[in-house]
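Structural overview for review
Spelled out from the first residue to the last, the chains are:
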Amino acid sequence: MSGETARDSRIPADPHDVLAMVFARPRQAMTAAKAMLADGRGPYETSIAHQAIGILRREFGDLDAAIRELRQAVRLARRSGSPDREADVLATLGIALLQHGRTRPGLSALDTAAALSGGTTRARVLFRRAGARWILGRHGEALEDLEIAAPALLGAGDTVWAARALTLRGHVRLARGSVALADEDFRVAQRMFATTSQEHDSVVAVQNRGVVAFRAGDLPVALDLLDEADRGFQALGTPMFDLAADRCAVLLAAGLARDALEQADGALGHLARLRGQATMRAELLLIAARAALLAGDPGTARARAGEARALFAGQRRAWWAAHAQLILVQTALTEAAAPAGQPAGGVGPGGGVVSARSLAEAGRLAARLAGLGSPEVWQAHLLAGRTALVLGRGREADHHLAEAARARHRGPATARAGGWLAEALRAEAAGRPRRLLYACRAGLALIEEHRLAFGSSELRALATAHGAELVTLAQRHWLRAGRPRHLLAWTERWRATSLDVPPVRPPDDHWLLAQLAALRETDHLLGRARSEGGSSAATLERDRDRLEARVRAATLRVRGAGARDDDPGPGGRRLLAAIGRGRLVELVVVDGVLYALLCGDGRVRRFTVGPAAAAVMEIEFARSRLRRLAYQDRAAPQELARLGDRLERALLGPVATRLGNERPSGGSLVVVPPSTLHGAPWGLLPALRRRAFSVAPSAAAWLRARTAVPPADGGVVLVRGPGVANADGEVRSIAELYAEAAGPVTGPGSAFGGRSTAGPATVLADGSATAQGVLAAIDGCRLAHLAAHGTFRADSPLFSSLLLDDGPLTVYDLERLRRAPYRLVLSSCDSGQVAAVGADEVLGPATALLRLGTAGIVASVVPVNDAAAVPVMVALHDGLRRGLSLAQALCAARGDDVSFIAIGAG
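As a starting point, this report considers the structure included with it. If you're wondering where the values come from, they're calculated on a predicted model, not measured in any experiment.

1. As for the overall build of the protein
Check the secondary structure of the protein and you find 39 helices and 17 strands. For the protein, the residues scored as buried account for 58% of the 906 residues in total. Sequence separation of at least 24 residues holds for 69% of the intrachain contacts in the protein that already meet a minimum separation of 6. Total accessible area computed for the protein in this model is approximately 35,000 Å², and 51% of it derives from carbon and sulfur atoms.

2. Re the nonpolar core
Ranked by internal contacts, the top residues of the largest apolar core, which has 65 residues, are L651, L659, W682 and I857. The dominant element in this core, judged by the number of residues it contributes, is helix α30 (residues 612–629), at six residues. Ranked by size, the runner-up nonpolar core spans 53 residues in total, among them L251, M280, L285 and A289.

3. Looking at helix α31 (residues 637–651)
With 15 residues, α31 ought to run about 21 Å at 1.5 Å a step, and its terminal C-alpha atoms sit 21 Å apart, in line with that. Those residues of α31 that sit buried are E639, L640, L643, G644, L647, E648, A650 and L651. Buried residues of α31 fall within an arc of 160° about the axis and therefore sit on the same side. Structural note: α31 exposes Q638, R642 and R649 on the side pointing more than 90 degrees away from its buried face.

4. With respect to the sheet that holds strand β12 (residues 807–810)
Across the sheet, which stays open at both edges, the three strands sit in the order β10-β11-β12 with antiparallel pairing between neighbours. Of all the strands in the sheet, the pair left with one neighbour each is β10 (790–791) and β12. Two elements, β10 and strand β11 (residues 801–804), share two bridges in a ladder whose sense is antiparallel. Within the sheet, the bridge partner assigned to T791 lies in β11 and is S801.

5. Comments concerning the packing of aromatic side chains
All told, the structure shown has four aromatic pairs when counted by the stated rule. Between F127 and W161 the ring centres are 5.7 Å apart and the planes differ by 90°, which places this aromatic pair in the edge-to-face class. Taken as a pair, F127 in helix α8 (residues 119–135) and W161 in helix α10 (residues 159–175) lie far apart in primary sequence, 34 residues in all. This pair shows no difference in class: F127 is buried, exactly as W161 is. Between W420 and Y438, the aromatic rings sit 5.7 Å apart at their centres with planes inclined by 75°, giving edge-to-face as the arrangement. Pair noted here: W420 is in helix α22 (residues 413–430) and Y438 is in helix α23 (residues 433–451), with a separation of 18 residues, a long-range link. Among the residues examined, W420 registers a relative accessible area of 10% and is labelled buried. Joined through ring pairs, the aromatic side chains of F312, W319 and W320 make up one cluster. The aromatic ring of W161 is capped on one face by R164, whose charged end is 5.1 Å from the ring centroid. Its guanidinium or amino end placed over the ring of F621, R646 lies 4.4 Å from that ring's centre, counting from NZ or CZ.

6. Re the packing of helix α6 (residues 83–99) against helix α7 (residues 103–116)
Packing of α6 against α7 leaves a shortest axis separation of 8 Å and a crossing angle of 160°. Regarding the angle of α6 to α7, the classification is roughly antiparallel. As for the relative orientation of α6 and α7, their crossing is left-handed in sense. Here α6 contributes P83, D84, E86, A87, L90, A91, G94, I95, L97 and L98 to the contact with α7, which in turn contributes T103, P105, G106, A109, L110, T112, A113 and L116. Classifying every residue of the contact of α6 with α7 by side-chain character gives 12 nonpolar, four polar and two charged.

7. Comments concerning the pattern of salt bridges
As enumerated under the stated definition, the model contains 41 salt bridges in all. By sharing partners, the salt bridges in this structure join D111, R129, R133, E141 and D145 into a single network.

8. Here's the deal with helix α38 (residues 866–881)
Relative to the 22 Å expected for 16 residues at 1.5 Å per residue, α38 spans 23 Å between its end C-alpha atoms, a close match to the ideal helical length. Buried residues in α38 make contact with α34 (727–739), β9 (783–787), β13 (823–826), β16 (856–860), α39 (886–893) and β17 (900–904). At the C-terminal side of α38, G883 shows a positive phi close to 100°.

9. As for the environment of A332
When you line up the elements, A332 lands in helix α18 (residues 318–337). Of the residues examined, A332 reaches a relative accessible area of 40% and is grouped as partly exposed.

10. Description of unusual backbone geometry
The phi dihedral of D601 falls on the positive side, at around 55°, and the residue is not glycine. Positionally, D601 belongs in the loop between β2 (593–600) and β3 (603–611). The phi torsion at D766 lies on the positive side, around 50°, for a residue other than glycine. Along the chain, D766 falls in the loop between β8 (761–764) and α35 (771–778). Under the relative-accessibility criterion, D766 is labelled partly exposed at 41%.

11. Topic: the pairing of β9
Across the five residues of β9, five count as buried, placing the element largely inside the fold. Alignment of strand β6 (residues 716–720) against β9, held across five bridges, turns out to be parallel. In the strand pairing of β9, L718 is matched with H785. Sheet topology places β9 next to β13; four bridges connect them, and they run parallel. Bridge pairing in β13 links L783 to R823.

12. Here's the deal with the side chain of T491
By the secondary structure assignment, T491 is in helix α26 (residues 484–493). Residue classification places T491 among the buried residues on the basis of a relative accessible area of 4%. Within polar-contact distance, the side chain of T491 engages the side chain of Q475 at 2.9 Å. Here T491 is in contact with Q475, E586 and V588, once residues within four sequence places are set aside.

13. A few points about the packing of helix α12 (residues 199–215) against helix α14 (residues 241–253)
With their axes 10 Å apart at the nearest point, α12 and α14 run at an angle of 20° to one another. By the angle between their directions, the pair α12 and α14 is classed as roughly parallel. Seen from above, α12 lies across α14 with left-handed handedness. Contact with α12, carried on its side by Q207, V211 and F214, involves D242, L243, D246, A249, V250 and A253 of α14 and no other residues of that element.

14. Quick look at the side chain of R583
Its location among the elements puts R583 in strand β1 (residues 583–590). A polar contact is formed between the side chain of R583 and the backbone oxygen of R581, at a distance of 3.4 Å. Aside from chain neighbours lying at most four places away, what touches R583 is L598, C599, G600, D601, R658, L659, S668, L669 and V670.

Rules used throughout
- Residues numbered from 1 in each chain as written.
- Predicted model: local features only at pLDDT ≥ 70, side-chain atom pairs only at ≥ 80, totals over all residues.
- Heavy atoms only, no water.
- Helix = DSSP H or I, 4+ residues; strand = E, 2+ residues; numbered from the N terminus.
- Buried < 20%, exposed > 50% of the residue type's maximum accessible area, 1.4 Å probe, protein only.
- Contact = heavy atoms within 4.5 Å.
- Areas by Shrake-Rupley, 256 points an atom, 1.4 Å probe, with all protein chains shown as cover.
- Core = buried A, V, L, I, M, F, W, Y, C linked by side-chain atoms within 4.5 Å.
- Expected span 1.5 Å × (residues − 1).
- Arc of directions from axis to C-beta.
- Pairing = 2+ DSSP bridges.
- Phe/Tyr/Trp six-rings, centres within 6.5 Å; stacked < 30°, edge-to-face > 60°.
- Lys NZ or Arg CZ within 6 Å of the ring centre and 35° of its normal.
- Axes fitted to C-alpha atoms, helices over the stretch in contact; angles between N-to-C directions.
- Parallel < 35°, antiparallel > 145°, perpendicular 65-115°, else oblique.
- Left-handed = near helix turned anticlockwise from the far one by under 90°.
- Nonpolar A, V, L, I, M, F, W, Y, C, P; charged D, E, K, R; others polar.
- Salt bridge = Lys/Arg side-chain N within 4 Å of Asp/Glu carboxyl O.
- Polar contact = N/O pair within 3.5 Å; in protein donor to acceptor, adjacent residues only side chain to side chain.

Geometric values such as these leave the question of function open.
Here you go:
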């Protein structure tokens with residue numbers, strides 16, 4: 001008897017409470033439902049138990065088991081003689097059938113439930129039928145059900161179900177583009193859930209707020225809320241695949257297409273293992289297709305979108321099928337007609353072959369999306385307009401572009417910018433340059449506003465991709481007009497703009513600092529395991545990937561300051577005044593052709609260099625040869641000369657002979673390449689070999705670096721990382737230079753047995769060169785020299801690092817500096833490498849420090865011959881000690897070396 005009492009105590013006094021527990025306390029609900037079945041209750045209560053288990057099976061992804069439980073619950077409900085009980089279970093079964101991809105029987109079950117029920121039960125059934133109609137994209141019908149259900153549930157005092165109805169109405173309104181109304185529904189629902197014990201629904205409310213933040217364009221807040229929801233669902237033990245879809249959508253909007261594709265594919269794999277919802281599989285396939293297209297993988301996009309469209313068609317989900325078709329049309333036009341360098345999904349002028357059939361298909365799709373009330377209808381009109389332009393059908397192009405341009409008045413910033421792009425294309429086709437430039441400015445202003453919400457330098461750089469074509473349209477106009485000053489201004493308008501924005505440093509929270517420290521330790525252990533052939537390497541690699549994901553996720557959520565410098569870019573007069581007797585060469589790529597804008601002597605001149613693709617190929621060829629030569633005692637001068645001649649023709653063309661004074665003491669010479677050409681070994685070019693020059697990511701960045709003020713109290717810091725050949729002699733010799741005025745180097749610092757101060761130079765080595773110690777020492781110093789192994793991560797440039805005594809010092813660590821060192825020398829291989837992202841942005845250690853205020857950097861863009869680098873570094877510091885600039889000191893020191901360049905204006 002006592003055993004029966006213990007078993008019954010798990011069952012609520014009111015059996016209906018088991019259903020209320022399903023989303024609030026899922027584990028407890030499963031225990032109670034199984035106890036009810038074991039207790040031998042009657043058909044009514046047993047029906048409730050099977051329904052609860054069915055819902056839990058459905059939520060955990062096992063739809064086959066869920067449907068079996070729910071069919072049994074329906075049979076028991078009929079035996080109980082209660083129409084409301086039968087209707088309630090039928091509604092639950094209808095949703096499960098729909099999610100399984102069995103649309104017709106699912107809707108039939110819901111319609112039968114609506115006819116059977118009355119009162120509050122009918123309101124709950126109508127709410128669930130509205131959910132089914134929302135899944136199917138029948139938003140008008142869903143709202144009709146909700147307009148009946150929500151007031152009835154509120155009037156009955158059914159707080160939980162009324163809040164759920166408002167939540168669903170918010171989703172339907174979002175699908176129809178009514179963000180403000182949706183936000184109000186979600187906020188009211190969240191307040192209502194807060195008065196109940198529905199933990200699951202409370203977490204869903206957090207997720208929904210993340211979706212609204214995403215639709216409103218506040219991506220850092222969206223990522224933060226979705227991560228909070230993810231933690232909540234994990235604590236409840238409930239897998240939520242729609243959360244994965246939401247997060248992928250936010251990553252796509254942030255420009256992280258490859259990340260979104262990986263997450264969508266991972267969720268699809270998990271869903272398949274659980275034999276989960278066919279409806280959710282189709283939705284994840286659709287977002288994976290969109291991510292693949294934006295990531296430049298049209299083959300994967302076509303495969304994912306094709307499978308999604310087939311699933312949606314079988315599920316009778318016309319709204320969703322039309323959006324899958326949109327991806328297929330975008331993919332087809334990308335493969336057939338987009339020239340190199342144009343954004344994914346675009347049809348560029350003169351690229352490839354398109355047909356009247358593709359135009360008709362895009363037009364039909366636009367009409368279908370308009371009929372469905374899709375907020376993405378403008379994308380189909382933009383596709384049709386582009387296609388019509390290529391086919392020379394001006395009237396049709398104008399019609400579709402005008403329709404697409406309507407998007408500029410509503411929606412998130414990126415969609416409105418897309419509307420302005422359509423307006424700019426329309427103006428270009430009509431020969432209206434003023435309207436063209438106005439549209440380009442308006443679109444870029446929207447993207448700028450969108451970009452300033454980000455604290456992450458990665459997201460800010462990626463966000464510029466949305467404005468790339470707007471800038472190209474303006475550049476093309478000024479190129480044709482023969483106005484090089486205006487071409488320079490528009491190039492600078494969107495080049496390396498992430499450096500224009502005041503830096504937002506990650507928060508000094510203990511959790512993030514702990515993750516960075518753990519990452520260093522893991523990387524250190526991983527290096528040891530690999531060198532020793534340890535079996536733990538695979539586990540450590542997984543740990544490192546996990547820690548990197550945590551650090552990156554935390555920094556992506558940092559919000560921007562919402563402001564930029566008052567002077568975002570250089571005016572022509574200001575730049576020419578700063579150049580004075582020197583020269584600034586800004587390289588510009590427009591429609592695949594490389595141009596050089598030569599600034600100096602009070603004017604800007606334009607020269608045609610050649611195909612941009614040829615310049616990229618020559619850079620890769622030169623870099624590959626220099627990698628081999630770096631491991632020889634001495635490179636053959638003839639081979640270096642041949643490489644330099646080829647590279648100079650491809651990069652500078654006719655400008656090479658117009659660079660003026662070759663003396664190191666002559667006026668400034670600055671090279672400003674596009675992001676795709678930053679990796680060139682510029683010191684190899686004959687016109688630059690004996691000339692003091694610097695490289696800058698933009699003319700604006702050079703001007704800011706030029707005006708940086710050296711610290712009054714900053715010293716010199718020398719760092720020697722572990723395992724660097726010849727670094728001991730390099731650092732010792734440089735320390736002796738700075739110690740001359742103060743006498744000979746003595747004490748433990750001379751042997752590098754810890755932290756020491758040699759005259760004005762602080763030396764960190766042999767255990768003292770830790771991340772914390774180095775960051776503290778170089779913060780605000782006058783000059784820092786880091787002789788440490790470097791690793792450049794093209795896949796994730798902000799994880800590029802320098803190896804210190806306790807592990808890697810990443811760009812994420814450097815971004816935590818309060819004040820960047822005024823000057824910095826990085827003597828390791830490839831330390832000046834950057835990754836091209838966004839429109840014309842560069843990410844890497846050097847650009848991170850320029851953004852923080854470093855005036856100038858010396859770094860290598862190719863592998864360094866360690867032995868040959870030592871005298872170059874010593875001579876460089878000797879020149880700096882004598883008052884030369886970085887560019888002048890490097891010119892005087894480098895001799896035959898072509899590895900190092902000066903970056904910035906220090």
